Amino acid sequence: MEQHGAVLMWGRSLELHKLRYTTFIGDGDSSSFKSVLAAKPYGDDVTITKSDCIGHVQKRMGTQLRRLWVEHKDVEIPTLSGESTRKGLKGANRLTADLVNRLQNYYGIAIRSHTGDKPGMITAITAIYCHHANDHSFCPPGESSWCKYNRGDPSYAPKEIQPEVLDLMEPVFERLSDEDLLERLQRGDTQNSNEALHSLIWRRCPKGVFASLEIIRLSTSLAVIQRNVGSVGLASVLHSLGILDTDVSIRLLEKIDVKKKNQLLRQRSVEYKRRRQMLRGMKKRGEDALWQKEMSSYEAGGFGMIEEEESGSRKGARKRRKKARDQEGQSISKRPHRAAASVSTPPSETCPPPASQRRPRNVRRPEC
Ligand SMILES: [Zn+2]
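Bear in mind that the values here come from a model prediction, so they are computed numbers and not experimental data.

A. The arrangement of the overall build of the protein chain in detail. When you go through the protein chain residue by residue, the secondary structure sums to 15 helices and four strands. Sorting the 368 residues of the protein chain into buried and exposed places 33% on the buried side. Taking all contacts inside the protein chain whose residues are at least 6 apart in sequence as the whole, residues at least 24 apart take part in 67%. When the accessible surface of the protein chain is summed, it comes to about 22,700 Å², and 53% of that surface belongs to carbon and sulfur atoms.

Here it is, written out as structure tokens:
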């Protein structure tokens, strides 16, 4: 019977590296973990625990909220005034693409900032939902709070998300604050380092192109050298091949390493992170718009609606860009419209608003 790849890795760790892998960091697919558990690579005495990648779990918030758009696209929901109804969850005072992205962002902040503190993590996640339902009893108190209501900010205005929409969102928050799931996030593990190595391998050996085992092995070896030693580590490879083994080539490789090091330092800067956040926001908006367009095309008369929406959204985008240019002024003069269109506002700035105080019925109270 063919063995699972993870089982092979676990099975040879003692022989190859004289160590045991006691924590399994997964991305939600539990079949590998089950295979490893069943194989008992270190006998009955060594327990292997599962930890989830925070980044992958964070994405579930966005994925599950977007799924609501599809599941409830034909549901008639009263407008905020209560005078009429409108289909679906999109639009003003409902689950907009911006709101989905913000909620996913806040969820990530809540879990990352409470690793090792499960009750605190549950409270922080509950606070996100309740805050948007204008219940601020879970939001952090005091002047340093991100919640404008709790810190007494006069600019605070209540959120106006419709109660029916909040009811539909509630199960998503309940699922993503499940105690077993949060237990697996307590170590704060991510798969980022694995992903970094994988990107070095697949850059040399693209997944979309067939490659022999030898090519994959070679790509992996070169990627490991670059990851552990840097580009200068390739000098010994070149030497063994009898090519380019000169001071000039080594200096060039060293130059590449210095360049990469400087790039890494730049990437850690606040400015760079802000810029990246903007670009990510733009990308998400584009993806959401495309998805929305594809969803509409399946409805009767959907193609006509798309044209109208596109026309309207282009006009809206022009207005938003102009307004953003007026507000941002010189600071974003190089690419004003793109930067302004993608600004992702932090919780403190978008906090909100209670028109009516409403406590969700089923959200569980924190155990702290
Ligand atoms: Zn609040």
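The rest of the description comes next.
B. Examining the packing of aromatic side chains more closely. Applying the stated criterion to the full structure yields five aromatic pairs. Summarising the aromatic geometry, the rings of Phe-24 and Phe-33 are spaced 5.3 Å apart at their centres and angled 55° between planes, so their arrangement reads as tilted. There is no split in this pair, since Phe-24 and Phe-33 are both buried. Three or more aromatic residues joined by ring pairs make a cluster, and in this case those are Trp-10, Tyr-21, Phe-24 and Phe-33. Geometry around Tyr-42 places Arg-20 over its ring, the cationic atom sitting 6.0 Å from the centre.

C. Inspection of the layout of surface pockets at higher detail. Estimated volume of the second largest pocket: approximately 1,200 Å³. Contributing elements (two or more residues each) for the lining of the second largest pocket: α1 (5-17), β1 (23-26), α8 (192-204) and α9 (213-228). Counted by class, the lining of the second largest pocket contains eleven nonpolar, twelve polar and six charged residues.

D. Structural context of α9. The terminal C-alpha atoms of α9 lie 22 Å apart, and with 16 residues this matches the ideal 22 Å at 1.5 Å per residue to within 8%. All of the buried residues along α9 are Ser-219, Ala-223 and Gln-226. In a view along the axis of α9, the buried residues occupy a sector of 65°, so they form one face of it. Pointing more than 90 degrees away from the buried face of α9 are the exposed residues Leu-213, Glu-214, Arg-217, Leu-218 and Asn-228. Packed against the buried residues of α9 are α8 and α11 (247-267). One or two steps after α9, the chain reaches Gly-230, where phi turns positive at roughly 105°.

E. Structural view of the coordination of the zinc ion. Around the zinc ion, the protein supplies His-131 (ND1), His-136 (ND1), Cys-139 (SG) and Cys-147 (SG) as donor atoms, at distances of 2.1 to 2.3 Å. Coordination at the zinc ion is tetrahedral: its four donor atoms span angles of 97 to 120° at the metal. In the primary structure, the donors to the zinc ion are separated according to the pattern H-x4-H-x2-C-x7-C. Classification of Cys-139 as buried rests on a relative accessible area of 4%. Classification of Cys-147 as buried rests on a relative accessible area of 0%.

F. Region of interest: the pairing of β1. Burial along β1 is one-sided: the residues Phe-24 and Gly-26 are buried and none of Thr-23 and Ile-25 is. Of the strand pairs in this sheet, β1 and strand β2 (residues 49-52) are connected by four bridges, and their pairing is parallel. Paired with Ile-25 across the strands is Ser-51, a residue of β2. In the classification by handedness, the crossover that spans β1, the intervening helix α2 (residues 31-39) and the parallel β2 is right-handed.

G. Here's a closer look at the state of the cysteines. Inspection of every chain in the model, using the stated rule, returns zero disulfides. Distance from the sulfur of Cys-130, which forms no disulfide, to the nearest cysteine sulfur (Cys-139) is 7.6 Å.

H. Expanded view of the nonpolar core. Core analysis: the largest hydrophobic core is formed by 36 residues, its most contacted members being Leu-65, Leu-95, Leu-103, Tyr-107, Ile-125, Met-169 and Phe-173. Secondary-structure elements contributing two or more residues to this core are α3 (54-71), α4 (97-112), α5 (118-132), α6 (163-175) and α7 (179-183). Ranked by residue count, the leading element in this core is α5, at eight residues. When sequence neighbours within four positions are dropped, the list of residues in contact with Leu-95 reads Leu-65, Leu-68, Trp-69, Leu-89, Lys-90, Val-100, Leu-103, Val-165 and Met-169.

Calculation notes
- Residues numbered from 1 in each chain as written.
- Predicted model: local features only at pLDDT ≥ 70, side-chain atom pairs only at ≥ 80, totals over all residues.
- Heavy atoms only, no water.
- Helix = DSSP H or I, 4+ residues; strand = E, 2+ residues; numbered from the N terminus.
- Buried < 20%, exposed > 50% of the residue type's maximum accessible area, 1.4 Å probe, protein only.
- Contact = heavy atoms within 4.5 Å.
- Areas by Shrake-Rupley, 256 points an atom, 1.4 Å probe, with all protein chains shown as cover.
- Phe/Tyr/Trp six-rings, centres within 6.5 Å; stacked < 30°, edge-to-face > 60°.
- Lys NZ or Arg CZ within 6 Å of the ring centre and 35° of its normal.
- 1 Å grid on protein atoms, 1.4 Å probe; cavity = no way out; pocket = protein on both sides within 12 Å on 5 of 7 lines; lining within 4 Å.
- Points joined across faces, edges and corners; volume = space filled by probe spheres on them.
- Nonpolar A, V, L, I, M, F, W, Y, C, P; charged D, E, K, R; others polar.
- Expected span 1.5 Å × (residues − 1).
- Arc of directions from axis to C-beta.
- Donors = N, O, S within 2.8 Å, 3.2 Å for Na, K, Ca; no water.
- Tetrahedral: all angles 85-135°; square planar, octahedral: opposite > 155°, others 65-115°.
- Pairing = 2+ DSSP bridges.
- Right-handed = clockwise from strand over helix to strand, strands pointing away.
- Disulfide = S-S within 2.5 Å.
- Core = buried A, V, L, I, M, F, W, Y, C linked by side-chain atoms within 4.5 Å.

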